[in-house]
Amino acid sequence: MDLTPDPLLVQLRKAVRGSLAALPVRPEVHGAPVTDGASGPARTVLDRLGADGFERPAAAGGLDLGLTAGVLVSEELGRAARGNPYRADALAADVGGPPGAALAGLEALPAGTGITARPRDGGWELTGTVTVDDPGAGRPLLVATRTGTGAVLVAVPAGAPGVRVEGGCWPPAVRFEATPVTAADVVASLDDAPAGPLARARLRQAAYLLGIADGAHETAVRYAGTRRQFDTRLRDLPAVAFPLARAMVALRATRAAVYRGAWLVDAVHDRAATGEGAGVADGTEALGSADAAATAPVVALATAAETARDVVRLCMQSCGVRAMTAELGLHRYFRLAAAEASRYGEPAALWRLAGAARLDRARRAVGENGAGRSVAMS
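As the structure is a computational prediction, the values presented were derived from the model and not from experiment.

Caption draft 1: Up close: the nonpolar core. Counting 61 residues, the largest nonpolar core has Leu20, Val71, Leu77, Ile212 and Leu330 as its most contacted members. Going through the elements one at a time, helix H1 (7–21), helix H2 (42–49), helix H3 (67–79), helix H4 (86–95), helix H5 (197–226), helix H6 (238–274), helix H8 (296–319) and helix H9 (330–344) are the ones with two or more residues in this core. Filtering out sequence-adjacent residues up to four positions away, Leu20 remains in contact with Ala42, Val45, Glu76, Leu77, Ala80 and Arg82. Counting 18 residues, the second-largest nonpolar core is a separate cluster that includes Ala111, Ala144, Ala151 and Ala201.

Written out as structure tokens, the structure reads:
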């Protein structure tokens with residue numbers, strides 16, 4: 001992995017950050033802090049920058065910048081405390097789903113357990129209530145559920161029977177009551193493939209959580225550097241400075257995990273596209289190895305979920321009663337972190353998933369080594 005900054009990605013980050021900074025914010029302490037999906041202000045910024053083409057292959061008219069560019073966009077959206085319309089568009093592009101679709105049900109762990117799919121003639125009936133990215137009516141939905149073959153992503157057209165979007169709450173929810181879908185509506189399998197759509201979606205979400213934590217930390221450090229107490233800056237008091245310093249360490253470690261995961265997924269995808277092997281080594285790890293990339297996305301998401309929760313909490317404590325004022329704006333990061341935890345799982349649940357994946361990987365490795373020794377001895 002090349003740790004030197006990519007000049008193209010540096011320019012891309014500057015363009016996204018500058019464009020998002022020009023958007024007006026919601027200063028209200030109460031109510032939804034952001035608007036997600038196509039109706040949110042961030043949508044216009046992404047359209048103007050052509051973000052839908054960042055990850056798209058060059059053969060399909062895109063820029064072919066890889067998942068790393070998508071991770072960067074998601075991080076900047078979180079850092080600016082905006083909604084994240086990018087994740088739905090990117091996932092739809094990964095699976096060939098309908099454009100402009102909203103995501104529903106991806107937060108359940110294991111993926112797709114929030115919606116029950118009961119078998120019926122020619123397909124299933126969907127029942128359950130889950131959060132949805134965009135409360136706007138008239139948009140198709142990409143719904144995660146589980147069938148007899150495992151977790152799948154199902155495209156539910158706008159206006160399907162039994163679908164009711166509830167936008168009065170935040171995050172918005174969608175309710176399914178015996179909504180019929182067929183096998184033709186299944187657009188992808190949500191397995192743990194190293195470069196599959198679920199792995200890519202987890203890394204984009206991890207980057208969004210990282211951005212939320214980074215934005216909250218920057219706000220707290222700026223406030224602590226100007227606010228004076230006991231005739232000194234808050235930032236110079238050990239009770240404030242040490243937690244903020246620990247938060248910085250957590251942010252850097254999380255950023256390394258997220259971008260390493262994106263790099264591994266890109267490497268696996270590139271080698272699969274060119275037909276090359278996956279065992280090229282750089283002296284430290286197997287580049288693009290499917291084994292190395294297998295657990296990286298869920299580990300990155302678990303790390304980012306924990307970092308977002310802890311860093312935002314520390315930042316709120318460092319700013320005291322001013323944290324929930326409209327001028328400071330930390331309340332937006334606080335509510336975003338809480339909402340994203342409910343959408344994509346608590347850190348403890350994510351770490352259990354990561355531990356199970358690593359244990360399975362270790363068992364398979366031991367089995368393969370044992371088989372190799374048996375063959376050699378015979």
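Caption draft 2: Structural detail: the environment of Leu314. With respect to the element layout, Leu314 can be found in helix H8. A relative accessible area of 16% places Leu314 in the buried class. Beyond its immediate stretch of four places on either side in the chain, Leu314 contacts Pro243 and Ala247.

Caption draft 3: Region of interest: the pairing of strand S4 (residues 141–147). Summarising burial for S4: six of the seven residues are buried, a large majority. Note that strand S1 (residues 102–104) and S4 share three bridges and pair parallel. In the strand pairing of S4, Ala102 is matched with Leu141. Alignment of S4 against strand S5 (residues 150–156), held across seven bridges, turns out to be antiparallel. In the sheet register, Arg146 faces S5, and the bridge partner there is Ala151.

Caption draft 4: Structural context of the pattern of salt bridges. With the rule as written, the count across this model stands at 24 salt bridges. A salt bridge links Asp133 to Arg87; the nearest nitrogen and oxygen atoms lie 3.3 Å apart. Pair noted here: Asp133 is in the loop between strand S3 (123–131) and S4 and Arg87 is in helix H4, with a separation of 46 residues, a long-range link. The same class applies to Asp133 and to Arg87, which are both buried. For the salt bridge of Arg175 with Glu166, the shortest nitrogen-to-oxygen distance reads 3.4 Å.

So, how was this worked out
- Residues numbered from 1 in each chain as written.
- Predicted model: local features only at pLDDT ≥ 70, side-chain atom pairs only at ≥ 80, totals over all residues.
- Heavy atoms only, no water.
- Core = buried A, V, L, I, M, F, W, Y, C linked by side-chain atoms within 4.5 Å.
- Buried < 20%, exposed > 50% of the residue type's maximum accessible area, 1.4 Å probe, protein only.
- Helix = DSSP H or I, 4+ residues; strand = E, 2+ residues; numbered from the N terminus.
- Contact = heavy atoms within 4.5 Å.
- Pairing = 2+ DSSP bridges.
- Salt bridge = Lys/Arg side-chain N within 4 Å of Asp/Glu carboxyl O.

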